[in-house]
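The chain contents come next:
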Amino acid sequence: MNLSFLYIAIGFAVLSSSITLQAADDAQIATAQLDTIVAHLNKSHPRLLANEVDFAILRTQVEKNPILRRWVVQLRATCETILTQEPSKYEIDGGNGMLVVSRRVLDRVSHLALLYRLDGNKKWLDRAWIELDAAAKFKDWYATRHFLDTAEMTMAFAIAYDWLYDDWTPEQRAILKDAIVEKGLKPALPIYRKQRWWTVMHHNWNQVCNGGLGVGALAIGDEEPALCEEILQNAIKSLPLAMQHFAPDGAWNEGPGYWNYGTKYNVFILAAMDTALGTDYGLSQIPGFSLTGDFPPYFSGPIGKTFNYADSGDLEGGAAQIFWLAAKFNHPGWAAWQLQQIEGSIDPGPFNLLWGARWLANADGSEKSPPQMATLPLGRYFRAAEVVTMRNLWTDTNAIFIGFKAGDNKANHSHLDLGSFVMDALGQRWAIDLGADDYNLPGYFDFSKQRWTYYRTRAESHNTIVLNPDEGPDQNSEAFTRIVKADMSHTQFMFAVADLTPAYAKNAQSVKRGIALINGQQVLVQDEIVARNPAHVFWFMHTPAQIDISKDGKTATLILNQQTMSARLLDPKDAKFSILDAAPLPTSPNPAGQKDNKSIESLTVELQGATNLLCRVLLTPSQTGQSTFIAPKEKDLNDW
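Below or above, wherever it landed, is the structure these notes cover. Since this is a predicted model, take the numbers as computed values, not measurements.

1. Let's talk about the pattern of salt bridges
Side chains carrying opposite charge are able to pair once their charged atoms draw close together.
Then, number 1: Evaluation of the coordinates by the stated rule reveals 27 salt bridges.
Then, number 2: Of the charged contacts, one joins Asp 417 and Lys 405 as a salt bridge, the two residues approaching to 2.9 Å between their closest N and O atoms. In this pair, Asp 417 sits in the loop between strand S7 (407-408) and strand S8 (421-425) while Lys 405 sits in strand S6 (residues 401-405), placing the two residues 12 residues apart along the sequence.
Then, number 3: Residue classification places Asp 417 among the buried positions, given a relative accessible area of 1%.
Then, number 4: Residue Lys 405 is classed as buried on the basis of its relative accessible area, which comes to 4%.
Then, number 5: A network of salt bridges, in which partner residues are shared, links Glu 52, Arg 59 and Arg 117.

2. Focus on the packing of helix H3 (residues 66-83) against helix H5 (residues 122-136)
Then, number 1: Relative orientation of the contacting elements H3 and H5 amounts to 50°, with a least axis distance of 10 Å. Our classification of the angle between H3 and H5 gives oblique. When the axes of H3 and H5 are compared, the crossing they make is left-handed. Along its contact with H3, which presents Arg 76, Cys 79, Glu 80, Ile 82 and Leu 83, the element H5 presents Lys 123, Trp 124 and Arg 127.

3. A few points about the sheet that holds strand S5 (residues 387-391)
Then, number 1: The strand order across the open sheet built from five strands is S4-S5-S6-S8-S9, with neighbouring strands paired in antiparallel fashion. Looking along the sheet, the strands with just one partner apiece sit at the ends: strand S4 (379-382) and strand S9 (428-431). Adjacent strand axes in the sheet meet at a mean angle of 15° when their direction is disregarded.

4. Some details on the pairing of S4
Then, number 1: Sheet topology places S4 next to S5; four bridges connect them, and they run antiparallel. Along S5, the bridge assignment pairs Tyr 381 with Val 388.
Then, number 2: If you look at the hairpin formed by S4 and S5, you'll find four residues sitting between the two strands, and Ala 384 has a positive phi there, around 70°.

5. A look at the nonpolar core
One broad rule of soluble globular proteins: the nonpolar side chains tend to lie buried together.
Then, number 1: Core analysis: the biggest nonpolar cluster contains 132 residues, and Leu 49, Phe 157, Trp 163, Leu 353 and Trp 355 have the highest contact counts within it.
Then, number 2: Considering every element that reaches this core, the biggest residue donor is helix H11 (residues 256-277), with 13 residues.
Then, number 3: Excluding anything up to four places from it in sequence, Trp 163 contacts Pro 46, Leu 48, Leu 49, Phe 55, Ser 110, Ala 113, Leu 114, Arg 117, Phe 351 and Leu 354.
Then, number 4: Counting 54 residues, the second-largest nonpolar core is a separate cluster that includes Ala 508, Leu 517, Ala 531 and Val 617.

6. Quick look at the side chain of Asn 409
Then, number 1: By the element assignment, Asn 409 lies in the loop between S7 and S8.
Then, number 2: Of the residues examined, Asn 409 reaches a relative accessible area of 0% and is grouped as buried.
Then, number 3: There is a polar contact of 3.3 Å between the side chain of Asn 409 and the side chain of Gln 475.
Then, number 4: Only 2.9 Å separates the side chain of Asn 409 from the backbone oxygen of Asn 476, close enough to count as a polar contact.
Then, number 5: Those residues in contact with Asn 409, other than ones at most four positions away along the chain, are Ser 414, His 415, Leu 416, Asp 417, Leu 418, Trp 452, Gln 475, Asn 476, Ser 477 and Ala 479.

7. Overview of the pairing of strand S12 (residues 493-499)
Then, number 1: Counting buried positions over the seven residues of S12 gives five, a clear majority of the element.
Then, number 2: Bridging between strand S11 (residues 480-487) and S12 involves five bridges; their strand directions are antiparallel. Its bridge partner being in S12, Ile 483 is matched across the sheet by Ala 498.
Then, number 3: The antiparallel pairing of S11 with S12 creates a hairpin that spans five residues between the two strands.
Then, number 4: For S12 and strand S13 (residues 508-518), the ladder comprises seven bridges, and the chain directions are antiparallel. When the sheet's bridge partners are listed, Phe 495 is paired in S13 with Ala 516.

8. Description of the packing of aromatic side chains
What describes a pair of aromatic rings is the distance from one ring centre to the other and the angle between the planes of the rings.
Then, number 1: For the structure on display, the rule yields 37 aromatic pairs.
Then, number 2: Judged by centre distance (5.7 Å) and plane angle (80°), the ring pair of Phe 495 and Trp 640 falls under edge-to-face. Separated by 145 residues along the polypeptide, Phe 495 in strand S12 and Trp 640 in the segment after strand S19 (601-622) bring together distant segments of the chain. Like Phe 495, the residue Trp 640 is buried in the burial classification.
Then, number 3: Among the aromatic residues, those joined into a ring-pair cluster are Phe 55, Trp 163, Tyr 258, Tyr 261, Tyr 265, Phe 268, Phe 351 and Trp 355.
Then, number 4: Positioned above the aromatic ring of Trp 394, the side-chain terminus of Arg 391 is 3.8 Å from the ring centre.
Then, number 5: In this structure, Arg 451 is placed above the aromatic ring of Tyr 444, and the distance from its NZ or CZ to the ring centre is 4.6 Å.

9. Describing helix H9 (residues 204-220)
Then, number 1: Helix length check: H9, at 17 residues, gives a terminal C-alpha distance of 25 Å against a target of 24 Å (1.5 Å per residue), a fit within 8%.
Then, number 2: In terms of residue burial, H9 counts as a mostly covered element, since 17 of its 17 residues are buried.

10. Re the side chain of Asp 311
Then, number 1: Here Asp 311 is to be found in the loop between helix H12 (295-298) and helix H13 (321-328).
Then, number 2: By relative accessible area, Asp 311 is classed as buried at 6%.
Then, number 3: At 2.7 Å, the side chain of Asp 311 and the side chain of Tyr 444 are in polar contact.
Then, number 4: A polar contact is formed between the side chain of Asp 311 and the side chain of Arg 451, at a distance of 3.0 Å.

Reading guide: rules and limits
- Residues numbered from 1 in each chain as written.
- Predicted model: local features only at pLDDT ≥ 70, side-chain atom pairs only at ≥ 80, totals over all residues.
- Heavy atoms only, no water.
- Salt bridge = Lys/Arg side-chain N within 4 Å of Asp/Glu carboxyl O.
- Helix = DSSP H or I, 4+ residues; strand = E, 2+ residues; numbered from the N terminus.
- Buried < 20%, exposed > 50% of the residue type's maximum accessible area, 1.4 Å probe, protein only.
- Axes fitted to C-alpha atoms, helices over the stretch in contact; angles between N-to-C directions.
- Parallel < 35°, antiparallel > 145°, perpendicular 65-115°, else oblique.
- Left-handed = near helix turned anticlockwise from the far one by under 90°.
- Contact = heavy atoms within 4.5 Å.
- Pairing = 2+ DSSP bridges.
- Core = buried A, V, L, I, M, F, W, Y, C linked by side-chain atoms within 4.5 Å.
- Polar contact = N/O pair within 3.5 Å; in protein donor to acceptor, adjacent residues only side chain to side chain.
- Phe/Tyr/Trp six-rings, centres within 6.5 Å; stacked < 30°, edge-to-face > 60°.
- Lys NZ or Arg CZ within 6 Å of the ring centre and 35° of its normal.
- Expected span 1.5 Å × (residues − 1).

Right, here's the structure in full:
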């Protein structure tokens, strides 16, 4: 069944082949039907994310709480730096458009506006105006080419217009409103009306564009009711296309980096609707969204690096919207985790301060017992996204951490990385994901072909299997694969098994990979492959470590920052380890302009003529430099 929408007085239901969404039974929703959104708009300012009472409470909390005072000191230092900088200019960066400029404007304006709300120093207001006046004079906000830029700039202007409304002159307000209308909202109308581009996308573009525009419409809805009504109606109808992918467990198939980006704008519009309208029309009740705060803790390893699959970076850290999600869905443990992420940061930023204060101080400013981390299971399988993480401890930077994925090669920002894994131990990341290449490479987002000519997007750059690389792309770019078995309840043998056959169907009848954490001390990677014909097989693990291979080729010793880990090739009996550069294989494409990977090597097993293959590699970290080798009994993945 195709996704369809039924709008009724109490909200809407989203119907698809996998979920049914019933909007919350909210009395306010009953009187705020979708054709009268603006009629229920709070007419006073500020009304976006916070109101006058909220800002008054925040000022009291800051005055009395030492942690919040320190955050404001850091906020002020950033703002002092902004005072010395030239206003942003209209600059285009290839395929990224003017996104860097839009983000800079939003960052500067939100810092300056919040600090002005807290201390009233007019120099912050004046510098915010210089930034906004410059951006208002841009010829456009790049709406025709890269609408993310438009949405983020609209968000910046909405915050400035609303939070500082009473302090702008009528002339300044007119300039800001005109920019929101002409450069932000109006360019979106033909896109909404024709139901194209990001309005029908299922990924972060949907959330960011609808989020930024929706907040812009809420900022000026009482002054431009017809325009803003149309924007808000369309945003509310479009957002569930992306939000349904939080189901069933809150994970995100674009990876942690784009979870952060998408949920940031998802929360911006929901939080702004709460404060400006008193309802989000049931959007926050979409299945899986109330669980999505679990995703960042599970996908962050003990040294702060994320399991950075797809185009994600490995140092995402925390996200201010987690504070909002923690309050919305009553999960103090999420807030505790976010507090840990920003501890010691140079500047936690305005939205951490805005949403995080409630977790440190009461409304009267009195000290509040900080939230405590929840006791979480050591492993978690996220369905639909088909990703798993497991660890032996939560509170030790030396802990073993594994991220392992199956999933969808068609997902936005995906790499051909089905079966790949990362591994941390002893405070190091031993098995790494190289991450994204340059977005400005020709055809980098051409998922039909050209994207897969780049090394970092192909399976051979990941910690997975490659079959017959001389025959073309190393995984089926249309493949969707599942975790078929997982059990993280027994610390003696925590495991997950993925059936990767669809990724290799051209060359194999069956491909399965299992990864197990054994007694919290060793990691076993086991592959079972039944090839259609004798196959050329590569097993890869990319690492920044120095690799030394024993004379018999069965043991590799990895040394990284004075820590040691051994890799033992248990099967096949006649196979040996080798070392390859992290670079394309001789038969693979190698276009110019790609990032180099000179500090990375690939621990490799290469086999010719493989038919019915069992490959087992045992990874054992050692704090003493002498790994304790305990060979696990051979057991078929079906029997795990």
